[in-house]
Amino acid sequence: MDWSVLREAGCDVRERVPLRDYTTFRLGGACPAIVNCREPAALAAAVRFLSASGRKYQLIGGGSNLLVADAGLDSVIVRYASETRRVTRSGSIIDVDGSTGLDDLAAFTAEQGLDGLVFASGIPGTVGGAVAGNAGAFGNQIGDRLVSATLMDAAGRLSEVKPGTLEFSYRHSRLSGSGEVLVSARLQLEPGNADSLRVERERILQLRRERHPDWRTQPTAGSFFRNIEPTSAAERRQAAGWFLERAGAKAMRVGGARVYEKHANIIVADAGATARDVLELSRLMADAVRRMFSIELAREVRLLGEFRARDESS
Ligand SMILES: Cc1cc2nc3c(=O)[nH]c(=O)nc-3n(C[C@H](O)[C@H](O)[C@H](O)COP(=O)(O)OP(=O)(O)OC[C@H]3O[C@@H](n4cnc5c(N)ncnc54)[C@H](O)[C@@H]3O)c2cc1C
């Protein structure tokens, strides 16, 4: 395939690259090509080119919520992620490209004395991935801050939508399955005190350092399973980690994949681990919770590529 058009449009195209280099689990085989787009114009060029040539593609952001199959995948990967934050402020309104890192955005809002996003401090991945999965922490979620979003459909057409159309719920939005890309987002924040926000951000980062593995040095995708939905209006959502801990998950390991010693809902991949080890371990974890509590855990981490049918049904 001749990628020169995309390279001229500012995309960085690499062929036959292992996807482990693009996910925080650091697992997964190769794809035919990865098209790295840092800003909307490059993204539009990539989506339009691939759609016109009839080439299948999958979108990723920071790769922090993904488990990629060891065999890799057949489709091209479009990666919308940028190391530079692409954000502007107008009063308490923030406009940010979906390629910007979520933690970079959280840091920016704290520096600017804008309250409402500091909860996202330390969550890896991009703003696009966060809106698509309605990322959240400490009872807050990014969807609650959205005023409008610019989306791109599979043919590269842009539209601006209001949050009501995005069907936000716990770790979900319509973007999780619609094939649309979150190009940019407009968020409404509130005036706050920059000093207190900086202190709050530092407190959250410290909490994360104490409770979670550092994905830069310990490959992981964070919580593997979703928390458990309430069964009645009176009940609150319950942490999957609570059930996993009681079911003995912390002692579990398959090959190079093991449950993190400080958090029973987090799998870390040690040297030599495969995506298959991770999936097999997650199956054992879910089996243990099912046996002890008759509760069916649902995966939060998304699978990419071909896994065997037995694994996928776990
Ligand atoms: C150590 C650690 C801690 C974590 N803690 C939290 C936490 O506290 N709360 C939380 O919610 N999550 C947490 N996560 C999970 C993860 O960081 C979030 O789900 C994150 O928002 C995923 O963003 P991403 O860019 O990495 O998406 P990816 O993993 O690249 O992709 C995930 C999905 O989003 C889609 N997507 C990506 N970009 C876009 C876009 N621009 N438009 C539309 N769809 C898109 C992809 O197609 C894919 O389906 C954690 C992960 C790790 C490793």
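Above this text is the structure in question.
As a starting point, this report considers the structure included with it. (Residues numbered from 1 in each chain as written. Predicted model: local features only at pLDDT ≥ 70, side-chain atom pairs only at ≥ 80, totals over all residues. Heavy atoms only, no water.)

Helix and strand counts for the protein come out as 9 helices and 19 strands. Projecting the C-alpha coordinates of the protein onto the three principal axes gives extents of approximately 55 × 50 × 35 Å. For the protein, the proportion of its 314 residues judged to be buried stands at 51%. For the protein, the proportion of contacts with a sequence separation of at least 24, taken over those separated by at least 6, is 64%. The averaged location of the 39 negative side-chain charges in the protein is 2 Å from the averaged location of its 42 positive side-chain charges. (Helix = DSSP H or I, 4+ residues; strand = E, 2+ residues; numbered from the N terminus. Buried < 20%, exposed > 50% of the residue type's maximum accessible area, 1.4 Å probe, protein only. Contact = heavy atoms within 4.5 Å. Lys, Arg positive; Asp, Glu negative; His and termini not counted. Charge placed at Lys NZ, Arg CZ, Asp CG, Glu CD.)

Residues in contact with the ligand amount to 30 residues; listed here are only the nearest, Gly-61, Ser-64, Gly-136, Leu-182 and Arg-208. At 2.8 Å from an oxygen atom of the ligand is found a main-chain nitrogen or oxygen belonging to Leu-59. When residues of the shell around the ligand are traced back to their parent elements, those giving at least two are β3 (57-60), α4 (127-132), β13 (181-188) and β15 (220-223). If one sorts the elements of the shell around the ligand by residue count, α4 sits on top with 4 residues. Looking at the shell around the ligand residue by residue, the class counts come to 13 nonpolar, 13 polar and 4 charged. (Near = heavy atom within 4 Å. Polar contact = N/O pair within 3.5 Å; in protein donor to acceptor, adjacent residues only side chain to side chain. Nonpolar A, V, L, I, M, F, W, Y, C, P; charged D, E, K, R; others polar.)

Positionally, Cys-31 belongs in strand β2 (residues 30-37). Overall, Cys-31 belongs to the buried group, its relative accessible area being 0%. Ignoring sequence-local partners within four residues, the contact set of Cys-31 consists of Arg-16, Val-17, Leu-19, Leu-73, Ser-75 and Ile-77.

The subject of this paragraph is the nonpolar core. Phe-25, Leu-67, Leu-244 and Met-285 are the most contacted members of the largest nonpolar core, which totals 34 residues. Breaking this core down by element, the ones donating at least two residues are α7 (240-246), β17 (257-259), β18 (266-269) and α8 (275-293). The leading source of residues in this core is α8, at 8 residues. When neighbours within four sequence positions are excluded, Leu-67 is seen to be in contact with Phe-25, Leu-27, Phe-224, Ala-275, Val-278, Leu-279, Val-301, Arg-302, Leu-303, Leu-304 and Phe-307. Membership of the second largest hydrophobic core comes to 29 residues, among which are Ile-94, Val-161, Leu-175 and Ala-185. (Core = buried A, V, L, I, M, F, W, Y, C linked by side-chain atoms within 4.5 Å.)

With that settled, the discussion passes to the pairing of strand β12 (residues 158-161). Relative to β12, strand β11 (residues 146-152) is paired through 4 bridges, and the arrangement is antiparallel. Opposite Ala-149, over in β12, you have Val-161 as the bridge partner. (Pairing = 2+ DSSP bridges.)

All right, on to the packing of aromatic side chains then. In total, this model carries 5 aromatic pairs according to the counting rule given. Ring centres 5.4 Å apart and planes at 70° place the aromatic pair Phe-224 and Phe-225 in the edge-to-face group. Across this residue pair, the class does not change: Phe-224 and Phe-225 are buried. Taking 5.0 Å as the distance between ring centres and 80° as the angle between the ring planes, the aromatic pair formed by Trp-242 and Phe-243 counts as edge-to-face. Owing to a relative accessible area of 43%, Trp-242 belongs among the partly exposed residues under this scheme. By the ring-pair criterion, three or more aromatic residues cluster together here, those being Trp-242, Phe-243 and Phe-293. (Phe/Tyr/Trp six-rings, centres within 6.5 Å; stacked < 30°, edge-to-face > 60°.)

Taken as a whole, this structure holds 21 salt bridges when the rule is applied. Where Arg-86 meets Asp-97, a salt bridge forms, and the shortest distance between an N and an O atom there is 2.8 Å. A residue pair is termed long-range when its members are at least 10 positions apart, and Arg-86 in the loop between β5 (76-80) and β6 (87-90) and Asp-97 in strand β7 (residues 93-97) qualify at 11 residues. On the basis of relative accessibility, which here comes to 14%, the residue Asp-97 falls in the buried class. The partner of Asp-270 in a salt bridge is Arg-253, with the nearest N and O atoms 2.9 Å apart. Taken together, the positions of Asp-270 in the loop between β18 and α8 and Arg-253 in strand β16 (residues 253-254) put the pair 17 residues apart, joining distant regions of the chain. Ionic contacts of the salt-bridge type, sharing partners, join the residues Glu-280, Arg-283, Asp-287, Arg-290 and Glu-296 into one network. (Salt bridge = Lys/Arg side-chain N within 4 Å of Asp/Glu carboxyl O.)

Glancing now at unusual backbone geometry. Although it is not a glycine, Arg-26 sits at a positive phi angle of roughly 55°. Residue Arg-26 is classed as partly exposed on the basis of its relative accessible area of 43%. Despite not being glycine, Phe-138 has its phi angle at roughly 55°, a positive value. Locating Phe-138 in the fold gives a position in the loop between β9 (136-137) and β10 (140-141). Take Phe-138: its relative accessible area is 44%, and that puts it in the partly exposed class.

Attention shifts here to the sheet that holds β12. A sheet is described by the order of its strands in space; here 5 strands give the open sequence β6-β7-β13-β11-β12, paired in antiparallel fashion. Only two strands of the sheet have a single partner each, and these edge strands are β6 and β12. Geometrically, the sheet is characterised by an average inter-axis angle of 15° between neighbouring strands, direction not taken into account. Of the pairings in the sheet, the one linking β6 to β7 comprises 4 bridges and is antiparallel in character. In the strand pairing of β7, Thr-88 is matched with Asp-95. Packed on one face of the sheet, helix α2 (residues 40-52) meets β7, β11 and β13 and runs near 40° to β11. Along the sheet, helix α3 (residues 102-111) makes contact with β6, β7 and β13, crossing β7 at roughly 155°. (Axes fitted to C-alpha atoms, helices over the stretch in contact; angles between N-to-C directions.)

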